Amino acid sequence: MTSAPPVAYLSEVFASWQGEGSRAGQRQLFVRFAGCNIRCRWCDTPDSLTRVPYCRVDYPDGRNETFSNPLTLQTLAAIVEECCRLDSSIAMVAITGGEPMVQAEFLSLWLSQAPPPVGCLLETNALISQGLAAVLPGIEVVSADVKLPSNTGEDEPWDRHRTFLELCRGTELYVKMPVDQATASDEVARAAELVAAAAPGATLFVQPITEAVGPSWCIDQERLARLAAIASSHVRDTRVLPQIHKLIGIR
Ligand code: SF4
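Reading guide: rules and limits
- Residues numbered from 1 in each chain as written.
- Predicted model: local features only at pLDDT ≥ 70, side-chain atom pairs only at ≥ 80, totals over all residues.
- Heavy atoms only, no water.
- Phe/Tyr/Trp six-rings, centres within 6.5 Å; stacked < 30°, edge-to-face > 60°.
- Helix = DSSP H or I, 4+ residues; strand = E, 2+ residues; numbered from the N terminus.
- Buried < 20%, exposed > 50% of the residue type's maximum accessible area, 1.4 Å probe, protein only.
- Lys NZ or Arg CZ within 6 Å of the ring centre and 35° of its normal.
- Core = buried A, V, L, I, M, F, W, Y, C linked by side-chain atoms within 4.5 Å.
- Contact = heavy atoms within 4.5 Å.
- Salt bridge = Lys/Arg side-chain N within 4 Å of Asp/Glu carboxyl O.

*Asks:* How would you explain the packing of aromatic side chains if you had to name every residue and give the values?
*Replies:* Applying the stated criterion across every chain, the model contains four aromatic pairs. Summarising the aromatic geometry, the rings of F33 and W110 are spaced 6.3 Å apart at their centres and angled 45° between planes, so their arrangement reads as tilted. Of this pair, F33 sits in strand 3 (residues 27–33) while W110 sits in helix 2 (residues 104–113), placing them 77 residues apart in sequence. Given the relative accessible area of 0%, F33 is considered buried. For R27, the ring lying beneath its charged end belongs to W17, and the centroid distance is 4.5 Å. The positively charged end of R251 is found above the aromatic ring belonging to F14, 4.0 Å away from the centroid.

*Asks:* Got a sec to walk through the nonpolar core? Specific residues and values, please.
*Replies:* Ranked by internal contacts, the top residues of the largest apolar core, which has 65 residues, are L29, V31, F33, I95 and W110. Setting aside chain neighbours within four positions, we find W110 in contact with V31, F33, L73, L76, A77, V80, V93, I95, P115 and P116. Judged by nonpolar contacts, the second largest core, of nine residues, contains F14, F30, A94 and L241.

*Asks:* Hey, could you go over the pattern of salt bridges for me, with residue numbers and the actual values?
*Replies:* Following the criterion strictly, the structure yields 17 salt bridges and no others. Here E12 and R32 are joined by a salt bridge, their closest N and O atoms 2.7 Å apart. Linking E12 in strand 2 (residues 10–17) with R32 in strand 3, this pair joins segments that are 20 residues apart in sequence. Across the salt bridge formed by R251 and E12, the nearest N and O atoms sit 2.7 Å from each other. Note that R251 is positioned in the segment after helix 8 (244–247) and E12 in strand 2, a separation of 239 residues in sequence. Assessed through its relative accessible area of 40%, R251 is described here as partly exposed. A residue is classified by how much of its surface remains accessible, and E12, at 18% relative accessible area, is buried. Where salt bridges share partners, they join E12, R32, R56, D58 and R251 into one cluster.

Right, here's the structure in full:
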């Protein structure tokens, strides 16, 4: 009996500059997986929350193509190969979503059987650890969010975040914490404490949330400074960084 070929649901593939975290400004190929396990109040990729029927690919030479979902591993590998060939400034593939770890089994097969020609950065909400051990050998950098309950409505994400971050030990990792005006101080303290314990040495980016259009800030300077001070009392390398791509109006 032959098993079904591995397939995945994606929403878009395009090249741009990374707008977040320690690789901000780097040219990357964004491979966006469709479907997410949570619903953040300020989700910035609402079109990728569910398994959409099509994936749009914008090639670096200006062509675009639409693929029906799900895509086979071979199709995705060929798209990534072609994009990297057309744009030699692409330094990394950003595996993003939605939440890519929802499709962890596909990820581990793709990265082991047909790895991209450049290193991979995994952008994740860091809540799904199942399958992570098989994915990590194909990942150079992990960009992990800590999702505060006031933003997601998730009950007690702490143990899930702890397990995920601890599994990432040995892989380059930075952590982002999106905050808005309503973010409670005790949530920030608890999250920063968790990062310090589970991912010692990792940089923590306090990320002021902006609305999708504008951009307009969802937090004022005074509150942002207060929350950053709380975070830095637990994590020595705490930085404040907005989403650069929204500031300069790119994807
Ligand atoms: S984890 Fe990401 S894709 Fe999922 S709801 Fe939050 S912001 Fe949106």
